[in-house]
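# What the coordinates show
Next come the chains, spelled out residue by residue.
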Amino acid sequence: MAAHFGRRLRKGATTTAVAAAAVAALSASQAPGVTHAPSGESLEMAEATPPPGTPVTGNSPYYTDLPPLNVPDKPDSSAGRQANGPTESGIPATVLAAYKQAEQTIAASDPSCRLPWQLLAAIGKVESGQARGGRVDANGTTDSPILGPVLNGVGFADISDTDNGAYDGDSVHDRAVGPMQFIPSTWATWGQDANGDSRKDPNNIYDAALAAGRYLCHGGRDLGVREDLEKAILGYNHSREYLRTVLSWFEYYKRGTHEVPDRTGVLPLGDGPDSAGPLPDPKPEPPRTRPGTPPSSKPTPPKPGNPGSGTKPTKPPAAAGPARIEDAGTGTLTAMAGREFTERATVRVENAAGAGLPRQPVRFEIIGNTDTRFPGGKTYIALITGLDGTVAAPALVAGEKTGPFSVRAVVEGRTLPAVTFRATVTRREADKVERTGSEALTAAPGAEFAGEVEVKATYEGAVASGVAVTATMITSAEDPAPGDKGPYFKDADGKPVRALTELRTDADGLLKLPKIFADATEGTFVLRLTTAGGAFVDIELKVAAPAGPTPAPTPTTPTPAP
């Protein structure tokens, strides 16, 4: 066995240079199926920003052991088959089955996430040494609860109790729980029942692995994208050293793993996360008949104990988690095409007692045939509720497609009824239109008007681009009936037309009309331009024969005197 790097640090720190060297060495192996980082990224992680809110583990300590610099002989090629290989790459049968089942479940429900089971294995390795080397029963539940240190602010985060001790046996402060180390408030949101026993148990590897996968994928993340992958890991623990450690095991496991019997997995150096003392020596047990399938029998629920006793009640208080999501006073969602909505979809997440719940993940999604989007061109966005349990989506930006659509809000990781908001996009309009020039528009009968007609449309003082406009020759301002004589436009075939409908202002709100011609009728006529929204302007057109030359005076012959 190759030597381990690293040591167990109570505050979650590890040596950056060693972690970087391990990742770089693994990357240099050019093993198949590995997507390499851009040049330089193997030594320094991209500057991903940890997501908002409390991390999954409450920044509890973790194992800092790093994988050996040698890689497994070959990638795992079959599920449920035990194989020989480097001891460090062996994963206990039930634990491995739980990771792979979680990957398959999420691939069916959220394929765009692209969650690899090796990422769950890397986190499980760092958080609990693969459930203490696979010390789980036939249902995947740990032999005894795995508890992190008390989060009382002494060396760790200060997180007051959120579950009345239901999960961690401590009614004063919270502790991270189980093989994937969820703090109770996070488990209340993301807890899953993955082994069909009607319980969401953080100390069950099937439940915990699926919950971890759901959390890593939330917010529309694509874990095949480096930035999303790093943000997901940082959401577990807000430490860049933690990120490097998990990524080193992730790369290692992608190069090959093999199944080992439960209770024979390699144990990390040092004490476990719960400081329960050194872990016991491995005791092999026969391999399971179907390690890839969770057993159907239900485990015996543990009996509640005193705080710190290492036991836990079977379920949390009824009012602990989200019970509903409701509209929090959203007004009418309507906007003109191309403009920002003034109202924002707002919801409140409550527990069964009606109290608002903070730090709850809410996903807003645009539904329907529309090109309206959230900022950045997104069709969905995931946010976290505030201290009062409310959260507002960013203002929508209306597209060009008019008509109704919906915005749906759900609590991620829950099956609560969604809140659906109706929204509408109306056509672009102008409340003012005026001519840009002031020269007189005149023409002789049968001739072309010399000047051009250009107008500018605005809405509430701002440029009104893309607004539909009609141009019609009318009888008079007092009688706006369409005229049948006088000035006219020409259609594509050169025939006279006295109304144009397929007109639209440009990006600057301007519209320049095509050439105007005069027929043989003299007089004063009116051209009316009307915008969507009802604004209009009347423009006077005069048709008159040009004035002829002034005749010379006729000479007179003087009359002779008598």
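To keep things clear, this report deals only with the structure shown in the data block. (Residues numbered from 1 in each chain as written. Predicted model: local features only at pLDDT ≥ 70, side-chain atom pairs only at ≥ 80, totals over all residues. Heavy atoms only, no water.)

## Examining the overall build of the protein chain
- Across its full length, the protein chain holds seven helices and 21 strands.
- Taken across its 562 residues, the protein chain has 49% of its residues classed as buried.
- Sequence-distant contacts, at least 24 apart, represent 70% of the contacts inside the protein chain between residues at least 6 apart.
- For the protein chain, the exposed surface amounts to about 25,500 Å²; the carbon and sulfur share of it is 52%. (Helix = DSSP H or I, 4+ residues; strand = E, 2+ residues; numbered from the N terminus. Buried < 20%, exposed > 50% of the residue type's maximum accessible area, 1.4 Å probe, protein only. Contact = heavy atoms within 4.5 Å. Areas by Shrake-Rupley, 256 points an atom, 1.4 Å probe, with all protein chains shown as cover.)

## Here we look at the packing of helix H2 (residues 93-109) against helix H5 (residues 205-217)
- The contact between H2 and H5 brings their axes to 8 Å, and the two run at 40°. Here H5 runs oblique to H2, going by the angle between their axes. Two packed elements cross with a definite hand, and for H2 against H5 that hand is right-handed. For the pair H2 and H5, contact is made by Thr94, Val95, Ala97, Ala98, Tyr99, Gln101, Ala102, Thr105, Ile106 and Ser109 and by Ile205, Tyr206, Ala209, Leu210, Gly213, Arg214 and Cys217, respectively.
- By residue class, the composition of the contact of H2 with H5 is 11 nonpolar, five polar and one charged. (Axes fitted to C-alpha atoms, helices over the stretch in contact; angles between N-to-C directions. Parallel < 35°, antiparallel > 145°, perpendicular 65-115°, else oblique. Left-handed = near helix turned anticlockwise from the far one by under 90°. Nonpolar A, V, L, I, M, F, W, Y, C, P; charged D, E, K, R; others polar.)

## Some remarks on the nonpolar core
- Counting residues in hydrophobic clusters, the biggest one holds 53 residues, and the most contacted among them are Tyr99, Leu115, Leu119, Phe182, Leu216 and Tyr236.
- Among the elements of the structure, H2, helix H3 (117-134), helix H4 (184-190), H5, helix H6 (226-234) and helix H7 (240-254) are those that each provide at least two residues to this core.
- Considering each element in turn, this core owes the most residues, 10 residues, to H5. (Core = buried A, V, L, I, M, F, W, Y, C linked by side-chain atoms within 4.5 Å.)

## Some thoughts on H3
- An ideal rise of 1.5 Å per residue puts 26 Å on 18 residues; H3 reaches only 16 Å between its terminal C-alpha atoms.
- The buried count for H3 comes to 18 of 18 residues, which makes it a mostly enclosed element. (Expected span 1.5 Å × (residues − 1).)

## A short note on the sheet that holds strand E4 (residues 333-336)
- Taken in spatial order, the five strands make up an open sheet running E4-E10-E9-E6-E7, and their pairing is mixed. Of all strands in the sheet, those bounded by a partner on one side alone are E4 and strand E7 (380-384). On average, each strand axis in the sheet is inclined to that of its neighbour by 20°, with strand direction left out of account.
- Looking at chain direction, strand E6 (residues 361-367) and strand E9 (residues 403-411) are connected through six bridges and run antiparallel. (Pairing = 2+ DSSP bridges.)

## Details of the state of the cysteines
- Evaluated as defined, the whole model comprises one disulfide.
- Residue pairing for Cys113: its cysteine sulfur links by disulfide to Cys217, the two sulfurs lying 1.9 Å apart. Negative torsions about the S-S bond denote left-handed disulfides, and the value of about -75° found for Cys113 with Cys217 makes this one left-handed. Note that Cys113 is positioned in the loop between H2 and H3 and Cys217 in helix H5, a separation of 104 residues in sequence. (Disulfide = S-S within 2.5 Å.)

## Some words on unusual backbone geometry
- Even without glycine at this site, Arg114 takes up a positive phi of about 55°.
- Positive phi outside glycine occurs at Glu460, with the angle close to 50°.
- Summarising the element assignment, Glu460 is placed in the loop between strand E13 (454-459) and strand E14 (462-463).

## Quick word on the sheet that holds strand E3 (residues 324-327)
- An order of E3-E5-E8 is seen for the three strands of this open sheet, with the pairing classed as antiparallel. Whereas interior strands pair on both sides, the edge strands pair on one side only; in this sheet they are E3 and strand E8 (390-392). Each neighbouring strand pair of the sheet contributes to a mean axis angle of 25°, computed without reference to strand direction.
- Two strands pair when backbone bridges link them, and strand E5 (residues 346-350) and E8 are joined in this way by three bridges, in the antiparallel orientation. Looking at E8, one finds that Thr346 is bridged to Ala392.

## Overview of the environment of Glu326
- Relative to the helices and strands, Glu326 resides in strand E3.
- When its relative accessible area of 36% is taken as the criterion, Glu326 is described as partly exposed.
- Put simply, Glu326 and Val347 are 21 residues apart on the chain and 5.4 Å apart in space, counted from C-alpha to C-alpha.
- Among all residues touching Glu326, those that are not within four sequence positions of it are Thr346, Val347, Arg348, Glu350 and Val419.

## Regarding the pairing of E13
- Where strand E11 (residues 432-435) and E13 come together, four bridges link them in antiparallel fashion. The residue of E13 that forms the bridge with Arg435 is Val455.
- Two elements, E13 and strand E19 (residues 510-512), share three bridges in a ladder whose sense is antiparallel. By the bridge assignment for E19, Lys456 is matched with Leu510.
- Examined bridge by bridge, E13 and E14 share two bridges and lie antiparallel to one another. Bridged to Tyr459 within E14 is Ala462.

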